[in-house]
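Listed here are the chains, written in short residue letters.
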Amino acid sequence: MTISTQLAGGSSGPGFLRPLLATALEALEKGTVERDGPLPAGGPGAVRSLFSGEVLPAEGQGAETALAGVAQGFTTGAADPADPGCVAHLHTPPLAVAVAADLVAGVLNSSLDSWDQAPSGTQIESEVVRALSSLVGYDPDVASGAVTSGGTESNLTGLLLAREHAVARAFGAQAVASGIPPEAHGRLRVLCSATSHFSVARSAGVLGLGEDCIVHVPVDDQQRMDANALRVVLSDLSDRGDIPIAVIATAGTTDLGTVDALSDIADIAAEHEVWMHVDAAYGGGALFSERLGPLLDGIGRADSVAIDLHKLGWQPVAAGVLLARRAAAFDPMERRVAYLNTEDDEVAGFQSLLGRSLRTTRRPDALKIAVTFRALGRRGLGELVDQCHEQALHAAAVFRDSPDFELYQDPVLTTVIFRYRPESRDSDQVNAELRRTLLTEGRAVVGRTELDGSVWLKLTLLNPHTTPVEISALIDDVRAAGERESR
Ligand SMILES: Cc1ncc(COP(=O)(O)O)c(C=O)c1O
């Protein structure tokens, strides 16, 4: 039998994996040398040519050949977030220790939809949820949660919990299953600021609330949800007979890293008895840092919180987490499924996580998180956050001191928004083109966004090991591309 058909698990699995891992690591090394930068030069055409063979040939090539070839092509053609020039998105370079732990999860293929597929996975996820509950300020004996595929799933699930809570309060518990009575007046509404992540509106759509159920609360001059305006919007909705099901605050907006005033929002949500969800997908990791953590004061008063550890947490995708202050909030999601979680098993102490997620089969992504937490501790993770924040401050200082650049505002977390100032041509065009030139040349992956109707560029600094010299070199590359595009 060839190694191609051997399994990764069991007592022989590690022996079969070892030579394959050596091949995979060699492919990573060779592909990285071949790429020679943060992404491949030549754009989509060049990447297409890396995969010329048939994907599903009639006869297989064998494990070694296939792995060496495809993995090397994949590496050559990838954008590597560990490269100091790959700074467009919340696309974190994962820690080696987390990737090694993830391999173990892959080998055992534990699935969290039943205890008998994931005894240790179930336990580890529960421990990770407890640790993160304490981090946000919840009582870990009362709170609950689950590891998710990311902020999108966490926001969807948080909004689902909020909707079920609001519907039960307004129309009685039976309405959660049978729907809102047809004679009911008013509309279910979700409140957030215009800077909230697009997944909030999509979640509202997915939940059948209609994306236009979203009410945008105005922001203040720092782009934070205006707490006074929130109070006014909530009163207006109640006068109209609409039912606000949730206020979604953001702790770390995708572009600016802005953190809403969580304590003030919590006060108003409590006054109006409205569910508060905090999308801390990006900013949640700041809680590891003594320096930045206070920005999120009040997060523990939210009913639910989304945190992504594949952003400020240095985990390989996926490592989202949804937490709820009270475990009872998950009651509407509980399902009793004969083949997965019979009641007598649970009574006998075999815990089921089925009701914590909208998914059924679910990877034990908590394993890599638990290994990372134990390896670095809160302080170690906080230092990584602080290092990335320092880099953002350094980049901002360079932009502020350079007449050929404009800084949008001081960084809050680890993003920096700026633009090149061309002397002659249109700024939007030059900035858009210089970014694409850097991308096509394989020199840098810089973010592009739009603010106040204009094109701005973005550095999302997530590699804690990047040095100030490397950041200055990246900015020099941007400047040189800007000069070329201005001619
Ligand atoms: C603030 C915020 N919320 C939610 C998300 C969605 O997270 P994911 O891509 O992990 O689903 C993002 C992604 O960047 C984000 O920045």
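Every value quoted in this text rests on a predicted model; they were computed, and no experiment measured them.

Caption draft 1: Representation of the domain arrangement of the chain within the structure. Each assigned domain of the chain is listed here: domain 1 (111–363) and domain 2 (375–486). For domain 1 and domain 2, the distance between their C-alpha centroids amounts to 32 Å. Domain 1 puts 23 residues into the contact, and the matching count from domain 2 is 22 residues. Together domain 1 and domain 2 conceal approximately 2,000 Å² of surface at their shared face, both sides included; 62% is due to carbon and sulfur atoms. Contact with domain 2 buries surface across domain 1, with Asp 255, Leu 256 and Trp 314 losing the most and accounting together for 34% of the total. For the pair domain 1 and domain 2, the interface holds 2 salt bridges. The shortest N-O distance in the salt bridge between Glu 390 and Arg 291 comes to 2.7 Å. One can count 10 residue pairs in polar contact (both at pLDDT 80 or more) joining domain 1 with domain 2.

Caption draft 2: Examining the sheet that holds strand E2 (residues 144–148) more closely. One open sheet holds the 7 strands; their spatial order is E2-E8-E7-E6-E5-E3-E4, and the pairing between them is mixed. If you trace the sheet from one side to the other, it starts and ends with E2 and strand E4 (214–217), each paired once. Sheet twist, expressed as the average angle between the axes of neighbouring strands with direction ignored, equals 20°. Of the strand pairs in this sheet, strand E6 (residues 275–280) and strand E7 (residues 304–308) are connected by 4 bridges, and their pairing is parallel. Its bridge partner being in E7, Asp 279 is matched across the sheet by Ala 306. This element, helix H9 (residues 227–240), spans strand E3 (188–193), E4 and strand E5 (243–250) of the sheet and lies at about 165° to E3.

Caption draft 3: Seen up close, the pairing of strand E11 (residues 445–451). With 5 of 7 residues buried, E11 lies mostly within the body of the structure. As paired strands, strand E1 (residues 86–87) and E11 are joined by 2 bridges and run parallel to one another. Of the residues in E11, the one forming a bridge with Cys 86 is Val 445. Pairing geometry for E11 and strand E12 (residues 454–460), over 5 bridges, is antiparallel. If you follow Glu 450 over to E12, its bridge partner there is Val 455. In sequence, E11 turns back onto E12 through a hairpin of 2 residues, with Asp 452 there showing a positive phi of about 50°.

Caption draft 4: Highlighting empty space enclosed by the protein. The tally for this structure, following the rule as stated, stands at 1 cavity of 30 Å³ or more. Counted as a void, the largest cavity has a volume near 70 Å³. Across the lining of the largest cavity, the residue classes tally to 7 nonpolar, 6 polar and 1 charged.

Caption draft 5: Structural view of the environment of Phe 16. Mapping Phe 16 onto the fold places it in helix H1 (residues 13–35). Placed 373 residues apart in sequence, Phe 16 and His 389 show a C-alpha to C-alpha distance of 42 Å. Excluding anything up to four places from it in sequence, Phe 16 contacts Ile 3, Gln 6 and Leu 7.

Caption draft 6: Spatial organisation of the packing of helix H4 (residues 96–108) against helix H12 (residues 366–401). In contact at an axis separation of 8 Å, H4 and H12 are set at 145° when each is read in the N-to-C sense. The hand of the H4/H12 crossing is right-handed. Seen from H4, the contacting residues are Val 97, Ala 98, Ala 101, Asp 102, Val 104 and Ala 105; seen from H12, they are Leu 367, Lys 368, Val 371, Thr 372 and Ala 375.

The rules behind the values
- Residues numbered from 1 in each chain as written.
- Predicted model: local features only at pLDDT ≥ 70, side-chain atom pairs only at ≥ 80, totals over all residues.
- Heavy atoms only, no water.
- Domains from an automatic or database assignment.
- Contact = heavy atoms within 4.5 Å.
- Buried area = accessible area lost by both parts, 1.4 Å probe.
- Salt bridge = Lys/Arg side-chain N within 4 Å of Asp/Glu carboxyl O.
- Polar contact = N/O pair within 3.5 Å; in protein donor to acceptor, adjacent residues only side chain to side chain.
- Pairing = 2+ DSSP bridges.
- Helix = DSSP H or I, 4+ residues; strand = E, 2+ residues; numbered from the N terminus.
- Axes fitted to C-alpha atoms, helices over the stretch in contact; angles between N-to-C directions.
- Buried < 20%, exposed > 50% of the residue type's maximum accessible area, 1.4 Å probe, protein only.
- 1 Å grid on protein atoms, 1.4 Å probe; cavity = no way out; pocket = protein on both sides within 12 Å on 5 of 7 lines; lining within 4 Å.
- Points joined across faces, edges and corners; volume = space filled by probe spheres on them.
- Nonpolar A, V, L, I, M, F, W, Y, C, P; charged D, E, K, R; others polar.
- Left-handed = near helix turned anticlockwise from the far one by under 90°.

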